[in-house]
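Below, each chain spelled out in residue letters.
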Amino acid sequence: MAGRRALVTGAGSGIGLATARRLRSEGAAVIGVDRRWPLIEPPISCLTADVTSREQVTSTVLRAAELLGGPADVLVNAAGVYRIRPLLDLTQDEWDETMAINLLGPFLVGRAVAAGLAEASLSGAIVNIGSTAALVADAAEPAAHYNASKAGVLALTRQMAVEWAQYGIRANAVCPGVIDTPMLRLMDDPVAGQAYLEAGVPLRRLGTADEVAAVIVFLASPDASYLTGVAVPVDGGSTAI
Amino acid sequence: MKAVVTGAARGLGEAIAARLASDGASVALIDISPDVTATAERIASAQTAGHVSGIVADVADEAACEAAIAQAASALGGIDALVNNAGIGGPDTRVVDTAFADFWQVLQVNLGSAFLGSRAAARLMIGQQSGGAIVNVGSIFGQQGVAGGAGYCASKGAVALLTHSLALELAPHRIRVNTIAPGNMATEMHWDELRSRAAASGTTLEHQMELVVASVPLRRHGTGADIAGAVTWLLSGDARYVTGQTIGVNGGVWLS
């Protein structure tokens, strides 16, 4: 990824952080974006912004281009939230907040980055973070707002792919399954969690953020030059059951 | 990596084998065509890291496929990666005009070879207790049917579901199995199909190529390097939590 200029949202933790690190280790220049930076000394260059704010997104994408020496040609939309809430208890505020961060965010950041690339006549690659929850329902961890937002991300990804192919911009998504990140709730009950892994994940273990990052970086790399509009599950085979 | 690629004398199989070899893998190329020997020599002369050899065999024949996989394992010192790429185009006729033998042949070659190759390699990998990865080459025409392509579509759709079942059966042995689904590729098989379309419609091959390119958002045919990049990734540790999936490599075609 040497010579690539990457922007990673949600880079403060989990899949975003792992992706930023992997991109940097492969030679890309990387700017991370997060609402707040939990680490005292961030491992990558970072900007603070809320991806649901159009003004903050616009200024952050411009600032990132200055720092990177040109428009970002790799965008990883990893900012996201996950909260378990049965439908009957789900409030409209909770619905709106999840939709804003998980779906409006990738739209706003993706639009700003693609506009910069198109204006400069540069090609690029976008990777959005879907979820296996966009493909199958989950009775044990009800989160309709999250699942709907991630299904929206997959539709957004296909539309980005079709509309922006003319600019040489590819857009793909990964669909992580149960990944060992701060977002994971499955193992809050270790016994039930292990039982789920035995029954629901053919590879019988949690995935790691590094394993998702490896797929994201592949999708952004020249090895994936003819892939666009796809959603790749990274789930140990759970959606194959 | 000790890799076997079937249907490797030319086209996508050759591109996959060449990429794996250039990445340092030892590779056994299998093909029904004797040309596979020359292809293997050509790849071997371009790189020096691993062992590269060609094996002439019909992988749709049970005994021949078993023998070829055993020969490959012997030459490589084991097998930890298999790409079931061997395949043929089907009859380009409507079902009502298609002889059963022609329909059955494409299933036997495209699906039968994937079953036989996977079974033979999986038995070896389980015995080695070292895990492994299998990539089956499906097709975008295994994800959606087309009129006049029933045999080919059925064979490639079946390959994807064979993959699905294999992934579940082999996961406990740390063997991953995935399908790659190429779209419109710049291969002789695809040009043959376009020549057939051109003849049927009274147009030229060039016109048919333009029609296809116009339908692909990335505005080009896929290449062997495009497929090799995705296959190499699926076989690598970078895909170690990915199994049972069908990955489209199609330039975004059919998204809209």
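### Points about the overall build of chain B
Then comes step 1: The helix and strand inventory of chain B stands at eight helices and seven strands.
Then comes step 2: In terms of C-alpha radius of gyration, chain B reaches 18 Å, essentially the compact-globule figure of 18 Å for 256 residues.
Then comes step 3: Per-residue burial over chain B gives 55% buried out of 256 residues.

### A few points about the overall build of chain A
Then comes step 1: Scanning chain A for helices and strands turns up six helices and nine strands.
Then comes step 2: Seen along its three principal axes, the alpha-carbon backbone of chain A occupies a region of about 50 × 40 × 40 Å.
Then comes step 3: By residue count, 53% of the 241 residues in chain A fall in the buried class.
Then comes step 4: Restricting the contact set of chain A to residue pairs at least 6 apart, pairs at least 24 apart contribute 73%.

### Quick notes on the packing of helix H3 (residues 92-119) of chain A against helix H4 (residues 144-164) of chain A
All names here are of chain A.
Then comes step 1: Close contact between H3 and H4 brings their axes to 9 Å; oriented N to C, the two are set at 15°. When the axis of H3 is compared with that of H4, the two are roughly parallel. As H3 packs across H4, the resulting crossing turns out to be right-handed. On the side of H3, the interface is formed by Glu94, Trp95, Thr98, Met99, Asn102, Leu103, Pro106, Phe107, Gly110 and Ala114, while H4 contributes His145, Tyr146, Ser149, Lys150, Gly152, Val153, Leu156, Met160 and Trp164.

### Let's talk about the interface of chain B and chain A
Then comes step 1: Across the boundary between the two partners, chain B contributes 29 residues, which contact 27 residues of chain A.
Then comes step 2: Among the elements of the structure, helix H5 (150-170), helix H8 (224-235) and strand E7 (246-249) of chain B are those that each provide at least two residues to the side of chain B that touches chain A.
Then comes step 3: Within the side of chain B that touches chain A, the residues separate by chemical class into 13 nonpolar, twelve polar and four charged.

### What about the sheet that holds E7(B)?
Residues and elements named next belong to chain B.
Then comes step 1: Reading across from one edge, E3-E2-E1-E4-E5-E6-E7 is the order of the seven strands in this open sheet, with parallel pairing throughout. Both edges of this open sheet fall to strand E3 (52-56) and E7, since each of them pairs with a single strand only. Going across the sheet, the axis of each strand differs from the next one's by a mean of 20°, ignoring polarity.
Then comes step 2: Sheet topology places strand E2 (residues 26-31) next to E3; five bridges connect them, and they run parallel. Each residue of the ladder has a partner; that of Leu29, found in E3, is Gly54.

### Regarding the packing of helix H6 (residues 188-201) of chain B against helix H7 (residues 205-215) of chain B
Packed helices, taken two at a time, are described by their axes: the angle between them and the distance between them.
Residues and elements named next belong to chain B.
Then comes step 1: Running from N to C, H6 and H7 cross one another at 110°; their axes reach a closest spacing of 8 Å. In this view, H6 runs roughly perpendicular relative to H7, as classed from their interaxial angle. Between H6 and H7 lies a crossing of right-handed hand. Taken together, the residues of H7 that come into contact with H6 (itself represented by Trp191, Leu194, Arg195, Arg197 and Ala198) are Leu205, His207, Gln208 and Met209.
Then comes step 2: Residues of the contact of H6 with H7, tallied by class, amount to five nonpolar, two polar and two charged.

### Thoughts on the confidence of the model for chain B
Then comes step 1: Looking at chain B as a whole, the pLDDT averages 95, with 99% of positions reaching at least 70.
Then comes step 2: The ipTM value of the predicted complex is 0.74, and its pTM value is 0.85.

### Some details on helix H2 (residues 35-46) of chain B
All names here are of chain B.
Then comes step 1: With twelve residues, H2 should reach 16 Å at 1.5 Å per residue; the first-to-last C-alpha distance of 17 Å fits that figure.
Then comes step 2: Residues Val36, Thr39, Ala40 and Ile43 constitute the buried set of H2. Viewed end-on, H2 has its buried residues packed into an arc of 100°, placing them on one side of the element. Exposed residues on H2 whose side chains face more than 90 degrees from its buried face are Ala38 and Ser45.
Then comes step 3: Of the surrounding elements, those touching the buried residues of H2 are helix H1 (11-22), E2 and E3.

### A short note on the pairing of strand E1 (residues 5-9) of chain A
Residue and element names in this part refer to chain A.
Then comes step 1: Taken across its five residues, E1 has five buried, putting it largely inside the fold.
Then comes step 2: Neither face of E1 is open: one carries Arg5, Leu7 and Thr9, the other Ala6 and Val8, and all of them are buried.
Then comes step 3: Pairing geometry for E1 and strand E2 (residues 29-34), over five bridges, is parallel. Its bridge partner lying in E2, Arg5 is registered against Ala29.
Then comes step 4: Since E1 and E2 lie parallel, the crossover through helix H1 (residues 14-25) that links them has a hand, and here it is right-handed.

Scoring rules and cut-offs
Residues numbered from 1 in each chain as written. Chains lettered and ligands numbered in written order. Predicted model: local features only at pLDDT ≥ 70, side-chain atom pairs only at ≥ 80, totals over all residues. Helix = DSSP H or I, 4+ residues; strand = E, 2+ residues; numbered from the N terminus. Rg over C-alpha atoms; globule rule 2.2 N^0.38 Å. Buried ≥ 20, exposed ≤ 12 C-beta atoms within 10 Å, placed from the backbone. Contact = placed C-beta atoms within 7 Å. Axes fitted to C-alpha atoms, helices over the stretch in contact; angles between N-to-C directions. Parallel < 35°, antiparallel > 145°, perpendicular 65-115°, else oblique. Left-handed = near helix turned anticlockwise from the far one by under 90°. Nonpolar A, V, L, I, M, F, W, Y, C, P; charged D, E, K, R; others polar. Pairing = 2+ DSSP bridges. pLDDT = per-residue confidence, 0-100. Expected span 1.5 Å × (residues − 1). Arc of directions from axis to C-beta. Right-handed = clockwise from strand over helix to strand, strands pointing away.

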